[in-house]
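# Structural overview for review
Chain residues, written in single-letter form:
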Amino acid sequence: MNYNDVLINAKKNIGNHCKVCKNCNGIACRGEIPGPGGKGTGSGFTRSFEYLSKIKVNMDTINEKSKIDTSYEIFGHVFKLPLFAAPIGGVELHYSNKYNDLTYSQALIKGCKEGGILPFTGDGVDENVFTGTLEAIKNSGGFGVPTIKPWSVDEVIRKIKIAEKVTNFAIAMDIDAAGLFFLAEMGKPVSPMSVEDIKKIANSTKLPFILKGIMTVKGALKAKEAGVDGIIVSNHGGRVLDHTPAPYEVLKDIVDAVGDDMYVFVDGAIRSGLDIFKAIALGADAVLIARPFATSVYGGDKEGVRLYIEKLEDEFKSALVMTGTNSVKEITKDKLFNNGEIN
Ligand SMILES: Cc1cc2nc3c(=O)[nH]c(=O)nc-3n(C[C@H](O)[C@H](O)[C@H](O)COP(=O)(O)O)c2cc1C
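Quick summary incoming for the structure in this document. Just so you know, these numbers come straight off a predicted model, no measurement behind them.

### What about the pairing of strand β6 (residues 171-174)?
The alternating pattern of β6 places I171 and M173 on one face and A172 and D174 on the opposite face, and all of these are buried. Where strand β5 (residues 145-148) lies against β6, two bridges are found, and the strand directions are parallel. Bridging from a neighbouring strand, T147 pairs with A172 of β6. Regarding topology, helix α6 (residues 153-164) serves as the crossover connection from β5 to the parallel β6, and that connection is right-handed. Bridge count for β6 against strand β7 (residues 209-214) is four bridges, and the pairing is parallel. Considered in β7, the bridge of I171 is made with F209.

Structure follows, in structure tokens:
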């Protein structure tokens, strides 16, 4: 099997909402929720893809030959790339019932482990989403970051206590899921939280606590006040609010404000190794990718995931070679044309 076969298989298995487009850019699935689309006009998804594609990379090929190192160290572990698989919950609802949250997470986690990167896993109204993903993390020896939705504070802490028993890395919460109003219609509401609420949640665990879905400097400073260990600059793939900026438009100011105090990750329409390079050059410590991992699981199970990671690794390596960059630490904004500014 090669990655092309994975895409062909995915078309057969993934259901009607996702069209497995050549460019996974949010155009064909605009507004498709349930499904993988962005909310409303889908602009929060399409804008991220467009923004990244406008950033140009500076070539620099007169260099001493040296060994290229793509590795990234975090939480006391070394990974092959500065990349995580992003959480996706409710796969039966959004894709097809070829997988449920347990079997999906199992394939994703195994593929990520073989590929040398760490996955985040999702959460949903149905308790089986969370228990399914945790079982998959447990079966892998603790390899994954459970990502809990902003239910009530007590409910989040209850889930953290269960998650702590299986993961060796970190716990996350997607605070921006407060915009998923359909969860209330399904019987379990989510809501925004105060700094005090988040402080209580972050203090309830000894594991690193990561907050996903920060899109302003103000939000990042509140996350800092709450004492989190990291944030993910993300508009949830455009699924929680229409007409948000691309995360890359707000990343630099957020990194300037809190980058010395915590990890700053980013996601949104990152599709290739070159996109990973661009996002890190813009200031992120590491990146997350979501939708293409769903395509990879539906098209090739754990092997599909491994093949996608290998493709990203090849592309990322060639970005480093062609820009005269030897390691992730050396990826700075001057590697981008105009320092990554888009006019
Ligand atoms: C079908 C679907 C389900 C998702 N479920 C979750 C989830 O349970 N928790 C979460 O934090 N993010 C969830 N996300 C958001 C992704 O983790 C990610 O932030 C977003 O899709 C942007 O990345 P991408 O453009 O690479 O897909 C989901 C996204 C999709 C498309």
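There is more to say after this.
### Quick notes on the side chain of D123
The residue D123 is located in the loop between β4 (118-121) and α5 (127-139) in this model. At 3.0 Å, the side chain of D123 and the side chain of W151 are in polar contact. Setting aside its immediate chain neighbours within four residues, D123 contacts G89, V129, F130, T147, I148, K149, W151 and K159.

### Regarding the packing of aromatic side chains
Applying the stated rule across the entire model yields 12 aromatic pairs. Judged by centre distance (5.5 Å) and plane angle (20°), the ring pair of Y3 and Y308 falls under stacked. Taken together, the residues Y3 in helix α1 (residues 3-13) and Y308 in helix α12 (residues 291-322) connect sequence positions 305 residues apart. This pair shows no difference in class: Y3 is buried, exactly as Y308 is. Taking 5.2 Å as the distance between ring centres and 80° as the angle between the ring planes, the aromatic pair formed by F293 and Y308 counts as edge-to-face. Side by side, F293 and Y308 carry an identical accessibility label, which is buried. An aromatic cluster is present here, built from F75, F84, F120, Y263 and F265 joined pairwise through their rings. For K188, the ring lying beneath its charged end belongs to W151, and the centroid distance is 4.5 Å. If you follow R291 out to its NZ or CZ, it ends over the ring of F45, 3.6 Å from the centre.

Calculation rules
- Position numbers for residues count from 1 along each chain, tracking the sequence in the order it is written.
- Selection of residues for local features in this predicted model requires a pLDDT of at least 70, selection of side-chain atom pairs for listing and counting requires 80 or more, and totals for whole chains, interfaces and linings are taken over all residues.
- Computation of side-chain values covers all heavy atoms of the structure but excludes hydrogens and water.
- For every residue, the accessible area (1.4 Å probe, protein chains only) is compared with the maximum for its type, and the residue is labelled buried under 20%, exposed over 50%, or partly exposed between those bounds.
- Put simply, DSSP H or I for four residues or longer makes a helix, DSSP E for two residues or longer makes a strand, and each gets a number counted from the N terminus.
- Criterion used throughout: strands pair if DSSP finds at least two bridges between them.
- Looking down the strands as they point away from you, a crossover is right-handed if its path from the first strand over the helix to the second goes clockwise.
- Any pair of nitrogen or oxygen atoms within 3.5 Å is treated as a polar contact; in protein, a donor-acceptor pairing is required on top of that, and neighbouring residues in sequence qualify only through side-chain atoms on both sides.
- The contact rule is simple, with two residues in contact once any of their heavy atoms fall within 4.5 Å.
- Aromatic rings from Phe, Tyr and Trp, taking only the six-membered ring of Trp, are treated as a pair when their centres fall within 6.5 Å; an angle between ring planes under 30 degrees marks them as stacked, one over 60 as edge-to-face, and anything in between as tilted.
- Both a distance and an angle decide whether a charge sits over a ring: NZ of Lys or CZ of Arg must be within 6 Å of the ring centre and within 35 degrees of the ring normal.

The quantities given are spatial measurements derived from coordinates; they are silent on function.
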